[in-house]
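In case you want the letters, here they are:
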Amino acid sequence: MEESLNIAMICYPTHGGSGVVATELGIGLARRGHKVHFISYSSPFRLRAFQSNVYFHEVDVSAYPLFKYPPYDLSLAAKIVQVAHLNHLDIVHAHYAIPHAISAYLAKQMMRQNRLKIVTTLHGTDITLVGKEPSFYEAVKFSIEESDGVTAVSGYLRDETKKEFSIARDIRKIHNFVDPERFNGKVTLCAKKNFAPEGEFLLMHTSNFRSVKRLPDTIRILARIRRKVPAKLLLVGDGPDRQAATDLARDLDVQNHVIYLGTQDYIENLLGCADLFLLPSEEESFGLAALEALSCKTPVIATRIGGLPEVIDSGVDGYLLPVGDVEAMADAALDLLGNKEKLRAFGNNGRQAAIDRFAEDKIIPQYESYYWDILHTRTNRSNGEQAEMDRKKN
Ligand code: GMT
């Protein structure tokens, strides 16, 4: 019987997918008996209620006037050291390489011991966008090479990382996951008629409205769909492209058919309301939002890029189309909206795929077993440390 581990989760606390995955993973591990310590600048938004075995440690950053850029990375590293000493951490799990994996590496060096293992999970733009910028490239490459274990949320992201950063080491693919009990598509708390009072079709999109999401394309798709059938678009989230979307909706004369809900914490209460979920991104390493929609029986119209083909089975639970081809995306949407049977079948297929391939009880054990693999790797570990690890395992 394996013993419980002391694990630190380093993540962004905001509404991005990497923070969501880190939080849901931490909660799932805590339920399985591990002690999980979240370390971030504020409490992750999906840590909603008290959970036993879950702790939160806030990173304070000094605003000393000399600092033009307050050094969060250093404060984070110092906090990891403190938490590690007090709680005998076994694993520091850094979600999103920048700066979390680098701070974790620094913390380990500061502790001058090898017992603590660093696992880094690559999520997406830390590799495909931000990580490639010259100002970050070498640091990201170094953090991948120096972590004790590295995972990527899709096969696509694993292969991209190896290629773009010339990485020879093994990177474990562990897909993102969903709790199908919670994301069940039951429309108890959301009344569709709040958003579509005349019985219009309801389209939905949720993201951080950054340019990679191509938010304006959701407006273009809505405008095309509305030439044939009445429809509303529910936009959940916020971010830099909101104004561009608002302006475009006015230009295309659909401004009265777009509903902006802002950022929402309980997305599972909304997804089941929608007839279709739109994800017209130009880059998506996995597409957690799409998986959550599928789990709620909402078919997804998305782009054939990145890790999305690993999540969406085009023609079975959604459609994958070329980036920017809003005409094809609108046609695919109309094909489903015009055929109730097909729409229902696609919804059921998506939910089944979520349960069969991406349910948390299938994926979280993959992380657990990866942690044990890493803890049993004898890289420079002293015999005493190895004996302690073997004792824990048995
Ligand atoms: O990269 C982002 O846009 C944000 C990032 C995050 O940290 O929230 O999202 C990425 O990670 C998610 C969780 O693993 C994935 O589901 C998203 O596909 C991925 N986003 C992109 O690749 C654009």
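Residues numbered from 1 in each chain as written. Predicted model: local features only at pLDDT ≥ 70, side-chain atom pairs only at ≥ 80, totals over all residues. Heavy atoms only, no water.

Student: Please clarify how the sheet that holds strand E7 (residues 172-173) should be interpreted in this entry.
Tutor: In a beta sheet, neighbouring strands pair by backbone hydrogen bonds and run either parallel or antiparallel. Across the sheet, which stays open at both edges, the seven strands sit in the order E3-E2-E1-E4-E5-E6-E7 with parallel pairing between neighbours. Edge positions in the open sheet fall to strand E3 (54-58) and E7, since each of these has one partner strand only. In terms of strand pairing, strand E4 (residues 91-95) meets strand E5 (residues 117-122) through five bridges, oriented parallel. When the sheet's bridge partners are listed, His93 is paired in E5 with Val119. (Pairing = 2+ DSSP bridges. Helix = DSSP H or I, 4+ residues; strand = E, 2+ residues; numbered from the N terminus.)

Student: What's the story with the site of the ligand in this structure? I'm lost.
Tutor: With respect to spatial proximity, 18 residues lie near the ligand, and among them Gly17, Ser18, His123, Thr125 and Glu284 are the closest. Between Gly17 and the ligand, the recorded distance is 2.4 Å, taken from a backbone N or O atom to an oxygen atom. Leu288 has a polar backbone atom sitting 2.9 Å from an oxygen atom of the ligand. When the ligand sits alone it has 480 Å² of accessible area, and the protein chains cover 96% of it. Class assignment for the residues of the shell around the ligand results in five nonpolar, ten polar and three charged. (Near = heavy atom within 4 Å. Polar contact = N/O pair within 3.5 Å; in protein donor to acceptor, adjacent residues only side chain to side chain. Areas by Shrake-Rupley, 256 points an atom, 1.4 Å probe, with all protein chains shown as cover. Nonpolar A, V, L, I, M, F, W, Y, C, P; charged D, E, K, R; others polar.)

Student: What am I meant to see in the sheet that holds strand E11 (residues 276-279) here?
Tutor: Taken in spatial order, the six strands of this open sheet run E10-E9-E8-E11-E12-E13, and their pairing is parallel. Two strands bound the open sheet, and with one partner strand each, they are strand E10 (258-262) and strand E13 (318-321). Each neighbouring strand pair of the sheet contributes to a mean axis angle of 20 degrees, computed without reference to strand direction. As paired strands, strand E8 (residues 201-207) and strand E9 (residues 231-237) are joined by seven bridges and run parallel to one another. Within E9, the residue paired with Leu202 across the bridge is Lys232. Packed on one face of the sheet, helix H8 (residues 215-226) meets E8, E9, E10 and E11 and runs near 165 degrees to E9. Each of E8, E11 and strand E12 (300-303) is contacted by helix H11 (residues 288-295), which is oriented at about 170 degrees to E11, the strand it contacts most. (Axes fitted to C-alpha atoms, helices over the stretch in contact; angles between N-to-C directions. Contact = heavy atoms within 4.5 Å.)

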